[in-house]
Amino acid sequence: MDRARDTATRPFRPHRVVVLALDGLLPFELGIPHRIFGRPKDALGRHLYEVVTCSVRPPGPVETDADFSLHVGNGPETLATADTVIIPASYELGPVHEEGVLTDELAAALAHLRPGTRLASICTGVYVLAAAGYLDGRPATTHWADAERLQRLFPRVRVDPDVLFIDDGDILTSAGVAAGIDLCLHIVRRDHGTAVANDVARRTVVPPHRDGGQAQYIQRPVPDPQQASTTTARAWALGRLHEPIQLRDMAAQVAMSVRTFTRRFREEVGVSPGQWLTQQRVERARHLLESTDLSVDQVAHDAGFGTAQSMRQHLQAALGVTPTAYRRTFRAGHGRGDARQNVSTARATRPASASARALSKSSTG
């Protein structure tokens, strides 16, 4: 039986994403999961995700922070059907935000969750996860302006105010607004690989991947038009990732001293040039492992790691799996579900080092 026929005859059920709409929600953030998860399809044109919105109350209106309300047609029992639950930000969390405790209504809603449900928050939605006790002893993030309060209210949570989002296996948290897009794209990439996530990003007209080491707040995300930018140097480096790239060579592309270039690069991108290069090489390696039959040695060479051992170390640090395991995960038609679970398990159980925790950081809305 060929691969397409095998795919067509296997039982198919899209992964169900339930978005919990709370009073005071931000309409933009509520729409992010629907936009990102509503796009991915398999080779037969079937939607890989089913996205459903629910409220903590029976069907009816939910207030937003804008001058309109929304009618939500599903009640809290819908949470029991979720594979993934996403909680967008709300400006009216009441006791959750002020005292760190759930309302009776919210506690009753969360009681519907099945064990093993993947949980994610966008911006201040993290307060709900923290108040419910899901984040005790675990790393989490939120909008930089709210991180200090989150830590003060929930001292058992390991709050990282700098990262764009944190993937801790079965629980993911993100910073504000645009970081929610990055988080959802990351989940698609984790579930279905780089090619699917990149296609969604292209259709949504957003960057396909903002990854590792960048700060939420970048000093100069848009360069001063009267000052030289490092953009040309980055484009130059991306065209030759397979070659050794020296810092002085990148600086020379924009006629800067190494010292000035390093400072300007960090101001614009949020990480050092070396960290950025490693991130880009990891992304190149992921793409090649997913989309080609090149040997691991050849992928390591083409991605600029030089040796398979070097690439193995970097992928292990960033993703928690070896190149071989990653390839098994995302090569279409080769037991993707089981291998994807292995990636998730590895990510959830490994130590939360800086590189493992901060899978993606950048400027946030």
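Described below are features of the structure shown in this document. (Residues numbered from 1 in each chain as written. Predicted model: local features only at pLDDT ≥ 70, side-chain atom pairs only at ≥ 80, totals over all residues. Heavy atoms only, no water.)

Thoughts on the pairing of strand β10 (residues 171-174)
Along β10, one buried face is formed by Ile-171 and Thr-173 and the opposite face, lined by Leu-172 and Ser-174, is buried too. One ladder, built from four bridges, connects strand β6 (residues 118-122) with β10; its direction is parallel. Residue pairing across strands places Ala-120 opposite Leu-172, the latter belonging to β10. As defined by bridge partners, strand β9 (residues 165-167) adjoins β10 across three bridges and the pair is classed as antiparallel. When the bridges of β10 are listed, Ile-166 appears paired with Thr-173. Counted between consecutive antiparallel strands, the loop separating β9 from β10 contains three residues, among which Gly-169 sits at a positive phi close to 85 degrees. (Buried < 20%, exposed > 50% of the residue type's maximum accessible area, 1.4 Å probe, protein only. Helix = DSSP H or I, 4+ residues; strand = E, 2+ residues; numbered from the N terminus. Pairing = 2+ DSSP bridges.)

Regarding the pattern of salt bridges
Under the defined criterion, the tally for this structure stands at 19 salt bridges. Across the pair Glu-98 and Arg-149 runs a salt bridge, and its minimum N-O distance is 3.3 Å. In this pair, Glu-98 is assigned in helix α3 (residues 95-98) and Arg-149 in helix α6 (residues 147-153), connecting sequence segments 51 residues apart. Across the pair Asp-191 and Arg-118 runs a salt bridge, and its minimum N-O distance is 2.9 Å. Note that Asp-191 is positioned in helix α7 (residues 178-192) and Arg-118 in strand β6, a separation of 73 residues in sequence. The pair formed by Asp-191 and Arg-118 is uniform in burial state, with each residue classed as buried. A single salt-bridge network, built from bridges that share partners, covers Arg-13, Asp-83 and Arg-114. (Salt bridge = Lys/Arg side-chain N within 4 Å of Asp/Glu carboxyl O.)

Some words on the nonpolar core
One finds Ile-36, Phe-37, Ile-86 and Leu-183 to be the most contacted residues of the largest nonpolar core, which totals 32 residues. Looking at this core, the elements that each hand over two or more residues are β1 (15-21), α2 (27-37), β6, α7 and α8 (194-204). Counting residues per element, this core draws most heavily on α7, at seven residues. Look past the residues within four positions of Ile-36 in its chain and what remains in contact with it is Ile-181, Cys-184, Leu-185, Val-188, Val-200 and Thr-204. Grouped together as the second largest cluster of nonpolar side chains are 30 residues, Val-18, Val-85, Ala-147 and Val-157 included. (Core = buried A, V, L, I, M, F, W, Y, C linked by side-chain atoms within 4.5 Å. Contact = heavy atoms within 4.5 Å.)

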